[in-house]
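# Understanding the architecture of this molecule
So you can see what is in the structure, the chains are spelled out below.
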Amino acid sequence: MNSELIQLNKTLLSENFTIMVKKGDKVFSSVERGVKPLIHLIDNDLYFFNNSSVADKVIGKAAALLMVYGRIKEVHTIIISEPAIEVFNSYNIIFHYDKKVTNIINRNGDDICPMEKLCLNIDDPEIAYYAIKELLKELNSK
């Protein structure tokens, strides 16, 4: 793991962020959970991810597909799902993790995360992006 990613991960943990993205001198951080920070970044500047380093607390397949869509360079996460590993391997993304799980579980702990479930049969990052946006819109309207 490169020194930039090591430093990002230390800051992620010490400041209790959920995600940090560094590209050159620019740094984005968030405390929002789930894929919302990724969607926010892509919606505002898709190219911010291009060739960036990312530190994240939890990465499931949905987040992995969004990171591929944004063309990240390298990522470290505390928890990663097996489907997310498959995505990163398929797209030759350099990744590091502390713990591997079968799937990301929802916040109630009784099922697979809705974003993970949504993307289980999606392999195209752009299709995933639009499907995730649609599901977020539905969830926010409830």
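This text follows the structure it describes.
Residues numbered from 1 in each chain as written. Predicted model: local features only at pLDDT ≥ 70, side-chain atom pairs only at ≥ 80, totals over all residues. Heavy atoms only, no water.

This part takes up the environment of Ile-127. Looking at the secondary structure, you find Ile-127 in helix α6 (residues 125–140). Sequence separation between Ile-127 and Ile-80 is 47 residues; the distance between their C-alpha atoms is 21 Å. (Helix = DSSP H or I, 4+ residues; strand = E, 2+ residues; numbered from the N terminus.)

Our focus in this paragraph is unusual backbone geometry. At Asn-16, a position not held by glycine, the phi torsion is positive, near 60°. By the secondary structure assignment, Asn-16 is in the loop between α1 (3–14) and β1 (19–23). Positive phi, normally seen in glycine, also occurs at Asn-92, with a value near 55°. With respect to the helices and strands, the residue Asn-92 is situated in the loop between α4 (82–90) and β5 (94–101).

We now examine the packing of helix α2 (residues 36–45) against α6. With their axes 11 Å apart at the nearest point, α2 and α6 run at an angle of 120° to one another. When the axis of α2 is compared with that of α6, the two are oblique. Pair α2 / α6 crosses with left-handed handedness. Contact with α2, carried on its side by Lys-36, Ile-39, Ile-42 and Asp-43, involves Tyr-129, Ile-132, Lys-133, Leu-136 and Asn-140 of α6 and no other residues of that element. Among the residues making up the contact of α2 with α6, the classes are represented as five nonpolar, one polar and three charged. (Axes fitted to C-alpha atoms, helices over the stretch in contact; angles between N-to-C directions. Parallel < 35°, antiparallel > 145°, perpendicular 65-115°, else oblique. Left-handed = near helix turned anticlockwise from the far one by under 90°. Contact = heavy atoms within 4.5 Å. Nonpolar A, V, L, I, M, F, W, Y, C, P; charged D, E, K, R; others polar.)

Scanning all chains against the criterion turns up five salt bridges. Here Glu-4 ties to Lys-22 by a salt bridge, and the two come within 3.7 Å at their closest N and O atoms. Here Lys-22 lies in strand β1 and Glu-4 lies in helix α1, a separation of 18 residues in the sequence. (Salt bridge = Lys/Arg side-chain N within 4 Å of Asp/Glu carboxyl O.)

Within the largest apolar cluster, 40 residues are counted, with the highest numbers of intra-cluster contacts made by Ile-59, Met-67, Val-75, Phe-88 and Ile-132. With eight residues, the single largest contributor to this core is helix α3 (residues 61–69). Beyond its immediate sequence surroundings of up to four residues, Phe-88 is in contact with Ile-59, Ala-64, Met-67, Val-68, Ile-72, Val-75, Ile-80, Ile-93 and Phe-95. With six residues, the next largest nonpolar core counts Leu-12, Phe-17, Met-20 and Ala-55 among its residues. (Core = buried A, V, L, I, M, F, W, Y, C linked by side-chain atoms within 4.5 Å. Buried < 20%, exposed > 50% of the residue type's maximum accessible area, 1.4 Å probe, protein only.)

As a further point, take the pairing of strand β3 (residues 53–59). With five of seven residues buried, β3 is to be regarded as a mostly interior element. Of the pairings in the sheet, the one linking β3 to strand β4 (residues 74–81) comprises six bridges and is parallel in character. By the bridge assignment for β4, Val-54 is matched with Val-75. Once you follow β3 into α3 and on to β4, the crossover reads as right-handed. (Pairing = 2+ DSSP bridges. Right-handed = clockwise from strand over helix to strand, strands pointing away.)

Attention now goes to the sheet that holds strand β2 (residues 26–30). The sheet built from five strands is open, its strands ordered β2-β1-β3-β4-β5 with mixed pairing. At either end of the open sheet lies a strand with only one pairing partner, and these are β2 and β5. Here the strands of the sheet are splayed against their neighbours by 10° on average, with no regard to which way each runs. Seen against the sheet, α1 touches β1, β3, β4 and β5 and runs at an angle of roughly 45° to β3. The strands touched by α4 are β3, β4 and β5; relative to β4, the strand with the most contacts, the crossing angle is about 155°.

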